[in-house]
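Structure at a glance
Here is how the chains run, residue by residue.
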There are 2 protein chains.
Amino acid sequence: MANKKRTTLKDIANVLNISPAAVSKAMHDDSRISDKTKKAVKRIAKELDYQPNHLASALRKGKSNLVGVIVPRTNSNFFSSVLEHMEAVLNKAGYNIIITQSNESFDKECKNIDTLLFTQVDGIIASMANETVDLSHYEKIKSKGIPLILFDRGENDLNVDYVGINDYDSSHMIVEHLVEKGCKRIAHIGGYRRTRIFNNRIKGYVDALKKNDLPIDDSLIIESSLTLEDGRREMERLLQLENRPDAVYVASDYAALGALQILNENEINVPETIRLIGFGNELFTSLVTPSISSIEQHSKDIGRLAAETFLKRVNEPELKQSLNKIILKAELIVRDSSK
Amino acid sequence: MANKKRTTLKDIANVLNISPAAVSKAMHDDSRISDKTKKAVKRIAKELDYQPNHLASALRKGKSNLVGVIVPRTNSNFFSSVLEHMEAVLNKAGYNIIITQSNESFDKECKNIDTLLFTQVDGIIASMANETVDLSHYEKIKSKGIPLILFDRGENDLNVDYVGINDYDSSHMIVEHLVEKGCKRIAHIGGYRRTRIFNNRIKGYVDALKKNDLPIDDSLIIESSLTLEDGRREMERLLQLENRPDAVYVASDYAALGALQILNENEINVPETIRLIGFGNELFTSLVTPSISSIEQHSKDIGRLAAETFLKRVNEPELKQSLNKIILKAELIVRDSSK
DNA sequence: TATATTTGCTTAATCGATTAAGCAAATATA
DNA sequence: TATATTTGCTTAATCGATTAAGCAAATATA
C-alpha cells in the first residue's frame, strides 16, 4: 500500500549516467540522440515502469492535452453516442476528455465553463443548455484564445465552429411525409425561437406548409421547453381546439412522448386520427406503443466531426481566419405513429 | 483573438513590488501576511483577472484535484444520475471529475484506467464492465496507492471501498411480491454469477423461493449478458418450456424490455398470464405498455456516498486500514406488469 | 534597558519535463 | 592537412506556484 515514488527522467538518467535532458530527448526520439542511448533509455524506462509526469510536461509545454466537453445531459442516446465517438477520435490524437453536464441549466453551464478553464483544457466542445440566452460565458472562452466548437445546440451570434444537422430541411422532410399521408392540419410543438436549432425547425415547418399550399395557423404553432410535461400540456391544449390538427410534429422525442401519452389516455387513434412525429430518435421511440416516428441526427458523425474540427483548429492554426460550419443531412425514421 | 498571456503571481508581485512568495501566501490567507498586503494582492488579482495556474500548483503539490470516474455507459438513467450527484459533492470539495465510458468492454476499461492514471487523477471511482473478470488493472490502481472506490458493479476480491444496493434483499422483495400475487413458478433471467451483484441476485432469488416453499427448477434459472436481445432470446426459450413460468424476474430493465416484447408479440397477457419484473428503474419502464415493475437503486445516494467515501480516503488517511462498504436498501416500484 | 518573541516579508529550492544554447569529439569536405 | 559540419551529448533556464528557511523590524517580556 506504500505510495512508492514515481520514476522520473532523473532516475533513468542516474542509472545510465547521462543527463535528464538526454533522457527526455531519447524518449521523444530526437534525431540528435544515438540509437544506442535511445535503446538503453527505453529499456531502463520499462524496467523502472516510467510514466511521464503529465502535469510537468503540460506546465512546461503550456498544453494540457485535455479537451472539455459540455452537454445538456448524458442521459440521452444522442449525447452519449456523440460523446463516445468524440472520445474515440480525440484519444487517438493523444487527448483526453473531461465531460461535464449542464442539466439544461444556464448557471450550471457557466460553472462548467469556469471549471474547464480552471483545469486548463486545450479546447471546449459544447452543446448549449436550453436556458442559455446570455452568451458572455462563451465569449470568455473565445477571448482567451481557446478553441471553441459547438454542436447540435449552437448560436450564430457566437461565430464559432459548429457541427449539426440541417434542422430547416428536417422540418421539410417531416411535413412532406405527413402531407403524403394526407394530413392537412399539421401542428408543431417546438422549442423557443431564441435557440437557433428550434428557430430553424419552426421556419422549416412554416416554409414547408407554404410550399404545400397549406394555410399557416398560429394556434397550431407552440413554443415550449420541450420536456415530457410540456408535451403533455401542449397536446392537451391542441385537443381542446375547435378544429383539431390531424398531425403533430414535436421538436423533441421527450415532448413527443408526453403528447403520445395524452393521445393514448384520450383514446385517440395514432396514427389513424392524429399522426405524430418526434425528433432525436431516442431509444424509447421504438419501444413505446405505438412506436414514434423520429429524426435520426447522426450522433456518431457529429461526435467525430466535432472532434476533428477541434484537432484542425489546434494543428492548423494558419486556418484561424475561416469558420467551419458542418451541416449534416438528417434522416426520417418512419414508425407506427405516422404510418 | 490574440492569445494574451495569463496573469501570474509574478505579475501581481511586480505591481506591488513584493515577492511572488508573498503573493502566493496572501492569496491563501497565510497568517504571516498583513491584512493590508492581502487586500492589495486580492485587489490587483481581480484587476488583472488572475487565474491560478492549476498545472503548476498540481505539480508542486503532487495533487491534481481530479477524480476519474469509469462507468459502463452514461446512457442510462442510473449512471447519469449517479454521475450528476457524485459531481455535485466533489465539485463542492474542490475536485473536478473526468468521466469515461467502458461501453461494457474489458479492453476499453483497461484503457480508461491507463488514461486516468496518466492524467494523474487523485482517485478513481468505478463501476465495472460486464465483461470484466481479470482484476489486474484494478490491482494496478491499488498498488499505486491511489484511492479506488467501486459502486454498483463491484468485486469482493478487490477488497476496496464499495457503495451499492443490497441485491440479495432486492431479490427477496421481488419474490415475496410475486408470491403475494399468487405466482408459483417464478423464472429468473439473471446476469453471470461471476459478477458479484448478479450472483447475489441469483442467491437471493433461490433463497427466497426456498423460504416460500417453492421448488427450485434449474430450467427457470438463466445466466446471460442481460442485453435487450438476451431478454428476447431467453424469454422465447422460457415460452417453449412444457411447464411455462407464471412470472419472470429479469435482473436488468433492458433484458426485461426484450422479454416484454416477446410476450407482447406472442399475445401473452401481462400480468394476467405471466408477471414481469425488471431491475434498475430505467425511464422506459414507466413508458412501455404495460409499464414494467422494477427496482429503484437510489442513484442519487450512491453517487453522493461514493464521492463522500473518496473524500474520506483523501482527507482522513489515518483510516487507511478499515474498509468502507455501504449497502443501501433498494425499493420495489410496482407497475402494471406485476399488478 | 536588554533580551525574547512575533510579524511580515524575502530568498532560494523545489515539483519534472522540456528546450535553447553550447561544447567537445567524430566525421566530412576542401 | 586544415577547416567545416555533424553527432551526441551537457548545462542551465524555464513553465508557475509553493514552501522551508531565514532575516530584519516591530513588539513583547523580563
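The model shown is predicted, which means the values in this text are computed figures rather than measured ones.

What counts, and where the lines are drawn
- Residues numbered from 1 in each chain as written.
- Chains lettered and ligands numbered in written order.
- Predicted model: local features only at pLDDT ≥ 70, side-chain atom pairs only at ≥ 80, totals over all residues.
- Heavy atoms only, no water.
- Least-squares fit on C-alpha atoms with pLDDT ≥ 70 in both.
- Contact = heavy atoms within 4.5 Å.
- 1 Å grid on protein atoms, 1.4 Å probe; cavity = no way out; pocket = protein on both sides within 12 Å on 5 of 7 lines; lining within 4 Å.
- Points joined across faces, edges and corners; volume = space filled by probe spheres on them.
- Nonpolar A, V, L, I, M, F, W, Y, C, P; charged D, E, K, R; others polar.
- Domains from an automatic or database assignment.
- Pairing = 2+ DSSP bridges.
- Helix = DSSP H or I, 4+ residues; strand = E, 2+ residues; numbered from the N terminus.
- Axes fitted to C-alpha atoms, helices over the stretch in contact; angles between N-to-C directions.
- Salt bridge = Lys/Arg side-chain N within 4 Å of Asp/Glu carboxyl O.
- Buried < 20%, exposed > 50% of the residue type's maximum accessible area, 1.4 Å probe, protein only.
- Buried area = accessible area lost by both parts, 1.4 Å probe.
- Polar contact = N/O pair within 3.5 Å; in protein donor to acceptor, adjacent residues only side chain to side chain.
- Near = heavy atom within 4 Å.

1. A word on the relation of the copies chain B and chain A
Screw-axis analysis of chain B against chain A gives a translation of 0.0 Å along the axis, an RMSD of 0.1 Å, and a rotation angle of 180 degrees. Seen this way, the second copy is the image of the first under a two-fold rotation axis. An overlap of 98% is found between the interface residues of chain B and their copies at the interface of chain A, pointing to a shared contact surface.

2. Describing empty space enclosed by the protein
Applying the stated rule across the entire model yields 6 cavities of 30 Å³ or more. A volume near 160 Å³ is recorded for the largest cavity. The class makeup of the residues in the lining of the largest cavity is 7 nonpolar, 6 polar and 2 charged.

3. Structural notes on the domain arrangement of chain A
Along its sequence, chain A is organised into domain 1 (9–52), domain 2 (65–164 + 299–328) and domain 3 (167–297 + 334–338). Its C-alpha centre places domain 1 of chain A at a distance of 64 Å from the equivalent point of domain 3 of chain A.

4. Quick word on the sheet that holds strand 9 (residues 275–277) of chain B
Residues and elements named next belong to chain B. Reading across from one edge, 7-6-8-9 is the order of the 4 strands in this open sheet, with parallel pairing throughout. Bordering the open sheet on either side are strand 7 (221–223) and strand 9, each of which pairs with just one other strand. Recorded for the sheet is a direction-independent mean angle of 15 degrees between the axes of neighbouring strands. By the bridge criterion, 4 bridges tie strand 6 (residues 186–190) to strand 8 (residues 247–250) in an arrangement that is parallel. Within the sheet, the bridge partner assigned to Ile186 lies in strand 8 and is Ala247. Of the strands in this sheet, strand 6, strand 7 and strand 8 touch helix 9 (residues 196–211), which is tilted by about 170 degrees from strand 6.

5. Regarding the pattern of salt bridges
Taken as a whole, this structure holds 36 salt bridges over all chains when the rule is applied. We note a salt bridge from Glu104 of chain A to Arg153 of chain A, for which the minimum N-O separation is 2.8 Å. Of this pair, Glu104 of chain A sits in the loop between strand 2 (96–101) and helix 6 (106–118) while Arg153 of chain A sits in the loop between strand 4 (148–151) and strand 5 (161–165), and the two are 49 residues apart along the sequence. For the pair shown, Glu104 of chain A and Arg153 of chain A are each scored as buried. Note that Arg73 of chain B is salt-bridged to Glu104 of chain B, the shortest N-O span being 3.2 Å. Of this pair, Arg73 of chain B sits in the loop between strand 1 (66–71) and helix 5 (77–92) while Glu104 of chain B sits in the loop between strand 2 (96–101) and helix 6 (106–118), and the two are 31 residues apart along the sequence. According to the relative accessible area criterion, Arg73 of chain B is partly exposed, its value standing at 22%.

6. Observations concerning the interface of chain B and chain A
The interface is formed by 50 residues belonging to chain B together with 49 residues belonging to chain A. Taking both sides of the interface into account, the surface hidden between chain B and chain A amounts to around 4300 Å²; carbon and sulfur atoms contribute 55%. On the chain B side of the contact with chain A, Leu55, Gln120 and Leu287 of chain B bury the most area, a combined 15% of that side's loss. Counting the contacts that link chain B with chain A gives 2 salt bridges. Put simply, Lys108 of chain A and Glu87 of chain B hold a salt bridge, and the shortest N to O gap is 3.6 Å. On the surface where chain B and chain A come into contact, there are 11 residue pairs in polar contact (both at pLDDT 80 or more). The set of elements that each furnish at least two residues to the side of chain B that touches chain A consists of helix 4 (54–61), helix 5, strand 2, helix 6, helix 7 (136–143) and helix 11 (253–265) of chain B. Residue contributions to the side of chain B that touches chain A peak at 6 residues, all from strand 2 of chain B. Of the residues belonging to the side of chain B that touches chain A, the class tally is 19 nonpolar, 22 polar and 9 charged.

7. What to know about the protein's contact with DNA strand C
In the vicinity of DNA strand C there are 25 residues, among which Leu9, Tyr50 and Arg60 of chain A together with Ser19 and Arg32 of chain B approach most closely. Here the atoms of DNA strand C within 4 Å of the protein split so that 51% fall in sugar or phosphate, with bases taking the remainder. At a separation of 3.2 Å, a base nitrogen of DNA strand C approaches a polar backbone atom of Ala56 of chain A. Sorting the residues of the surface near DNA strand C by element identifies helix 2 (20–27) and helix 4 (54–61) of chain A together with helix 2 (20–27) and helix 4 of chain B as the ones contributing at least two each. Class assignment of the residues belonging to the surface near DNA strand C gives a composition of 10 nonpolar, 9 polar and 6 charged.

8. Here we look at the side chain of Ser338 of chain A
Residue and element names in this part refer to chain A. As for its position among the elements, Ser338 is in the segment after strand 12 (331–333). Taking the relative accessible area as the measure of exposure, Ser338 reaches 0% and is therefore buried. For Ser338, the side chain forms a polar contact with the side chain of His177, separated by 2.8 Å. With residues up to four places along the chain from it excluded, the contact list for Ser338 reads His177, Lys181, Pro271, Arg275, Leu276, Ile277 and Ser293.

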